[in-house]
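The lines below spell out each chain.
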Amino acid sequence: MPLEVSLKPSTSPIFSLQNNPPMIPSTFMALPSSSYSHTLLFSNFLKPNTLTSRKSYASSLNINRDRYPISVVRNSASVSGEPSTSTISDVFGGKKELAGIHSLVDSMSPPVRFASSIIVVAAAISSGYGLGLRFGRTRNAALAGAAAFGLAGGAAAYALNSCVPEVAATNLHNYLAGCDDPKAVKKEDIEGIAKKFGVSKQDQAFNAELCDLYCRFVSSVIPPGSEDLKGNEVETIIEFKRVLGIDDPDAASMHMEIGRRIFRQRLETGDRDADIEQRRAFQKLIYVSTLVFGEASTFLLPWKRVFKVTDAQVEVAIRDNAQRLYAFRLKQVGRVNSEQLMSLRGAQLLYRLSDELAEDMFKEHTRKLIEENISTAVNILKSRTRTSRGPIQVVEELDKILAFNHLLISLSNHPESRHFARGVGPVLLLGGEYDGDRKIDDLKLLYRAYVTDSLSTGRMEETKLAALNQLRNIFGLGKREAERIMLDVASKVYRKRLAQAFSGGELEAADSKAAFLQNLCDELHFDPERASQIHEEIYRQKLQQSVADGELTEDDVAALLRLRVMLCIPQQTVEAAHSDICGTLFEKAVNGAIAAGVDGYDADVKASVRKAAHGLRLTRESAMSIASKAVRRMFMNYIKRARGAGRTESAKELKKMIAFNTLVVTPLVADIKGEPSDPATPEEPIKEESKNQFEQDEEEEEWESLQTLKKTRPDKELAAKLGKPGQTEITLKDDLPERDRKDLYKTYLLFCITGEVTNIPFGAQITTKKDNTEYLLLNQLGEILGLTRKETVDVHRGLAEQAFRQQAEVILADGQLTKARIEQLNEVQKQVGLPQEYAQKVIKNITTTKMAAAIETAVSQGRLSIKQIRELKEAGVNLDSMVSESLRENIFKKTVDEIFSSGTGEFDEVEVYEKITVDLNINADKAKGVVCELARTRLSNSLIQAVALLRQRNRLGVVSSLNDMLACDKAVPSEPLSWEVPEELADLYAIYLKSEAAPEKQSRLQYLLGISDSTAVALREMGDRVLPVGSEEENFVF
């Protein structure tokens, strides 16, 4: 993302000398004195008159740091309108002139200057002493004069020595300004100037000049505006910094000052393009500065603090410039070798470019190189003015690509590959100009051209095959696409080689035709299956030429046989070809015969069919299969029209289909088989047919009562009248489902039974009965539909059963079967011709359905007991199908409840859990659950009922309730029961003792009522006593 910076001069600590003294080099603290001219490079918004003197500038620098003068960063958007580049002599400006004391100091060496200073001070003191003594005439006056003149001499000596750093700085500036090439400056010359004047970097003026010269040089080295870095800027700056001997903190402050200058120019520039150029310049400054100071740039260059630049933006600036430098370096490389790859690796590390980006850029560079070859080859291939060398030039360009790819692969496997540039490996076109559907066709053309050249000698070399695999990988072609192209080209070459071998006699002279053909496939690396397909195509082409006149002659058959042997074509393939090609011609003849219709199948049509069937040398199975398809299509047309019409019209369409089968299809089948039109029927087939008919009559003896079925079997007189029956080989068995075929047969059967119905005016109808010949046509219809004898019988039986059921349901409306109704049903059975067995099933089904409804009503009303259910089962009634399981469970629950309320005190587990559950066909575990639930409920209810009857003085009722309680306890043993009035429990037990019950029942009742043995004995001794009558009501505890 673009690098964004922000600067607030009024708040940033970099503008305060007191807050950040290390960042402000001493070079900005003083300027040359007014005694000589000092050339400065001002910013665009500074006025020269604001810096009239060194002292005034130094004082203003402490107040406002923004007025510090630095070198202008040259760019194409310069306000001054100067060119974007300047000569080397303009880097440091013109030479400076020395005047007055500065020229004097310049001419003096340090020892001379030191001696001169001593002499001046001594002379001043001596003169002062002499003048004081002369004029004051006292020693004190002499000393005062010596002191005054000594102070003046000292001041003069100090002035002489204090301007030494400025003179040294001026000499340094003039030295660099006089150099034709700043890069040729030597460190010894700089040290010589400092040594000459006895100064060092600790001198403020001299250090300031060093920083200013460094700032000017850096500004001139970094390319202006949108120009890219050349790659030598970092080395140049580092070398110049070393020559000057400037410290890293001072040099870093100059880089920051250049950044401020760029930022100010960006704020002053209103042009968008100029703003982009300034941003680019700032990014280049960040990148170069980072490389110059290395790891120390993190704390020497506070971009984030000064310009509010994030770490990510700094990384973007470094990455973008590193990519541009690496790209520039790649353009200079071209075709690579090991030395260049090592050089690229060093450049990558120098530019601080990541391995991932370097790898992508190197792959992009190699891709562009081969794209140039591809574009050249494509232009040659598509050129309108093609020459004989065009294909050769295309192959040469592709060979260059393969050689380059092979070189990269070998370099990637080099022992020193870890020292090579990242990304060395096979070349791919992914992500480039030819990576897309629009260019894939051009790559396929090139691949086809190379395949054609590889097979130009009539064989495929192993080296060419490996080259084709590499080319396919480079182009990014799919395996199927490449194989399709190779197969296409190889097919043409194989055909050419095969034709040469066939015409030259090589194939015929070969001992093994299969071995010769296999060897040919191996030389071309051609798929044998595809070769077999080509052989089949050649055979088909020869066969089509042979049957052009409508039949195959003996010569044609011999030629086809020779071709088949030479090409090793299997018999199955030959039969399929004959069936396809000859079958098409035969199908035309069959369609013509069918299109002639019932009246058009004459002698000419018969002759054309026979000629096509036998002249084309088709097998009988193939001919019958072709004819079957055409005939069945006609049958289906009749069927469609029959389905869309009413019953009478549908029967008429079916009748037309039967006539078509008899008059057209039957002679057609005979002509295909070569049978005579009116063959004499031999005696033996008649006997065989009679035998089969006899066997069918034996099997269907029970169906003789079906009158409609008997009518479909003609007698001898009627069969002789109708003539030969229709063919039965072509049917619709596989074209229609069984249900549809039976429905069509049933439709025509109803037509035979009811006759033809004609509507006349006034809503009347006239029914025309048909004779038995319609039933014979019905038999033929069944054969056309492919119905078996059993399926035909099922239709007749189903229709008869349907008629019998309709009348039987009316007769048995109430479900009662009487003698008179049985006789009536027998009469109906004879009328419809339904066998006795199926008539009885219909009658039983009707009566069972009626009975089931009655039984279900009785169960729901509670009028059916277990005893009645057992009687029905003994009578053969299947209650499981008549009564649902939920109703049977209700019957069981009701039966168990009756046992618990019978008053006998008995519970037979075998009867309840085994017999009743079996009779009702319910789950035994579920039955036990029902018994347990009822027993627990009835136990407490029986005790309450017994107490209630005790209060009513109903002794028999009390005994019955206690017996019910014992029955529940026998089903599910219970714990002793509790009651609020124990005397009533004793009364219940006393009454039960009088009932003469079995001792075990008395003992169990004693346990359930919680009566102790002593109380029981006392009750037995008391005998009969008057039961107390409670006047108050008690609360019962259940």
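Residues numbered from 1 in each chain as written. Predicted model: local features only at pLDDT ≥ 70, side-chain atom pairs only at ≥ 80, totals over all residues. Heavy atoms only, no water.

Caption draft 1: Highlighting the overall build of the chain. Secondary structure summary: the chain contains 44 helices and 2 strands in total. Within the chain, buried positions represent 44% of all 1038 residues. Sequence separation of 24 or more characterises 76% of the internal contacts of the chain that already satisfy a separation of 6 or more. Just so you have it, the chain exposes about 55,000 Å², and 52% of that area is on carbon and sulfur atoms. (Helix = DSSP H or I, 4+ residues; strand = E, 2+ residues; numbered from the N terminus. Buried < 20%, exposed > 50% of the residue type's maximum accessible area, 1.4 Å probe, protein only. Contact = heavy atoms within 4.5 Å. Areas by Shrake-Rupley, 256 points an atom, 1.4 Å probe, with all protein chains shown as cover.)

Caption draft 2: Quick look at the pattern of salt bridges. Enumeration according to the criterion identifies 42 salt bridges in this entry. Between lysine 400 and glutamate 397 there is a salt bridge; the shortest N-O distance is 3.6 Å. On the criterion of helical spacing, the pair formed by lysine 400 and glutamate 397 is a turn pair, its members being 3 residues apart in helix H16 (residues 390-412). In this structure, arginine 1004 and aspartate 969 form a salt bridge, with 2.5 Å as the shortest nitrogen-oxygen distance. One end of the pair, arginine 1004, is in helix H43 (residues 999-1009); the other, aspartate 969, is in helix H41 (residues 955-971), with 35 residues separating them in the sequence. Several salt bridges share partner residues, and in doing so they unite Arg459, Glu461, Arg497 and Glu523 into one network. (Salt bridge = Lys/Arg side-chain N within 4 Å of Asp/Glu carboxyl O.)

Caption draft 3: Fine view of the nonpolar core. Tyr214, Trp303, Phe475, Tyr494 and Phe586 are the most contacted members of the largest nonpolar core, which has 185 residues in total. A per-element tally of this core places helix H26 (residues 620-643) first, with 11 residues. What tyrosine 214 contacts, discounting residues up to four positions off in sequence, is Ile237, Phe240, Lys241, Leu244, Ile246, Ala251, Met254, His255, Val292 and Phe293. Listed in part, the 48 residues of the second largest apolar core include Val912, Leu943, Val958 and Leu988. (Core = buried A, V, L, I, M, F, W, Y, C linked by side-chain atoms within 4.5 Å.)

Caption draft 4: Up close: the side chain of glutamate 523. Following the sequence through the fold, glutamate 523 ends up in helix H21 (residues 513-524). What makes glutamate 523 buried here is its relative accessible area of 18%. In this view, glutamate 523 contacts Arg459, Met460 and Arg497; residues no more than four positions away in its chain are not counted.

Caption draft 5: Layout of helix H27 (residues 647-673). In a regular helix each residue adds 1.5 Å, so 27 residues correspond to 39 Å; H27 covers 37 Å between its end C-alpha atoms and thus fits that length. If you look at H27, its biggest bend is around 35°, right at asparagine 661. H27 sits mainly inside the fold: 19 of its 27 residues count as buried. (Expected span 1.5 Å × (residues − 1). Bend = angle between axes of the 7 residues up to and from the residue.)

Caption draft 6: A look at the environment of leucine 887. Mapped onto the fold, leucine 887 is located in helix H38 (residues 885-900). Placed 33 residues apart in sequence, leucine 887 and leucine 920 show a C-alpha to C-alpha distance of 9.7 Å.

Caption draft 7: Up close: H41. Taking 1.5 Å of rise per residue, the 17 residues of H41 would be expected to cover 24 Å, and the 25 Å separating its terminal C-alpha atoms lies within 8% of that figure. Counting buried positions along H41 yields 13 of 17 residues, so the element is predominantly enclosed. Its side-chain oxygen placed 3.1 Å from the backbone nitrogen of glycine 957, asparagine 954 serves as the N-cap of H41. (Polar contact = N/O pair within 3.5 Å; in protein donor to acceptor, adjacent residues only side chain to side chain.)

Caption draft 8: View of the packing of aromatic side chains. A complete count under the given rule lists 11 aromatic pairs for this structure. Between the aromatic rings of phenylalanine 282 and phenylalanine 307, the centroid separation amounts to 5.2 Å while the plane-to-plane angle is 75°, which identifies the pairing as edge-to-face. Here phenylalanine 307 lies in helix H12 (residues 303-307) and phenylalanine 282 lies in helix H10 (residues 272-293), a separation of 25 residues in the sequence. The two residues phenylalanine 282 and phenylalanine 307 agree in class, both being buried. Between phenylalanine 900 and phenylalanine 907 the ring centres are 5.6 Å apart and the planes differ by 25°, which places this aromatic pair in the stacked class. Three or more aromatic residues joined by ring pairs form one cluster here, namely Phe263, Phe282, Trp303 and Phe307. (Phe/Tyr/Trp six-rings, centres within 6.5 Å; stacked < 30°, edge-to-face > 60°.)

Caption draft 9: Local environment of the confidence of the model for the chain. This prediction gives the chain a mean pLDDT of 75; 76% of its residues lie at or above 70. Low pLDDT (under 50) marks residues 1-89, which in the prediction has 186 contacts with non-local residues, meaning those over four places away or in another chain. Note that pLDDT drops below 50 for residues 1024-1038; the model gives that stretch 24 contacts with residues more than four away or on any other chain. (pLDDT = per-residue confidence, 0-100.)

Caption draft 10: Here's a closer look at unusual backbone geometry. In the Ramachandran plot, cysteine 568 falls in the positive-phi region, its phi being about 55° despite a non-glycine side chain. Along the chain, the position of cysteine 568 falls in the loop between helix H23 (554-567) and helix H24 (571-600). Overall, cysteine 568 belongs to the partly exposed group, its relative accessible area being 38%. The backbone of arginine 953 shows a phi angle near 60°, a positive value even though the residue is not glycine.

Caption draft 11: Up close: the packing of helix H31 (residues 738-754) against helix H33 (residues 789-811). Contact geometry of H31 with H33 gives a least axis separation of 10 Å together with a crossing angle of 55°. Taken together, the axes of H31 and H33 lie oblique to each other. Relative to H33, the crossing made by H31 is right-handed. Counted together, Glu738, Arg741, Lys742, Tyr745, Lys746, Leu749, Leu750 and Ile753 of H31 and Glu791, Thr792, Asp794, Val795, His796, Leu799 and Gln802 of H33 form the full contact between these two elements. (Axes fitted to C-alpha atoms, helices over the stretch in contact; angles between N-to-C directions. Parallel < 35°, antiparallel > 145°, perpendicular 65-115°, else oblique. Left-handed = near helix turned anticlockwise from the far one by under 90°.)

Caption draft 12: Structural view of the packing of H26 against H27. As a packed pair, H26 and H27 sit with axes 10 Å apart at the nearest point and diverge in direction by 170°. Viewed along their axes, H26 and H27 adopt a mutual orientation that is roughly antiparallel. Between H26 and H27, the residues in contact are Arg620, Ala623, Met624, Ala627, Val631, Met634, Phe635, Tyr638, Ile639, Arg641 and Ala642 and Ser650, Glu653, Leu654, Lys656, Met657, Phe660, Asn661, Val665, Leu668, Val669, Ile672 and Lys673, respectively. A breakdown of the residues in the contact of H26 with H27 according to their chemical character gives 16 nonpolar, 2 polar and 5 charged. (Nonpolar A, V, L, I, M, F, W, Y, C, P; charged D, E, K, R; others polar.)

Caption draft 13: Seen up close, the environment of glutamate 914. With respect to the helices and strands, the residue glutamate 914 is situated in helix H39 (residues 909-920). Residue glutamate 914 is classed as partly exposed on the basis of its relative accessible area of 46%. As a C-alpha pair, glutamate 914 and alanine 924 span 10 residues in sequence and 7.6 Å in three-dimensional space.

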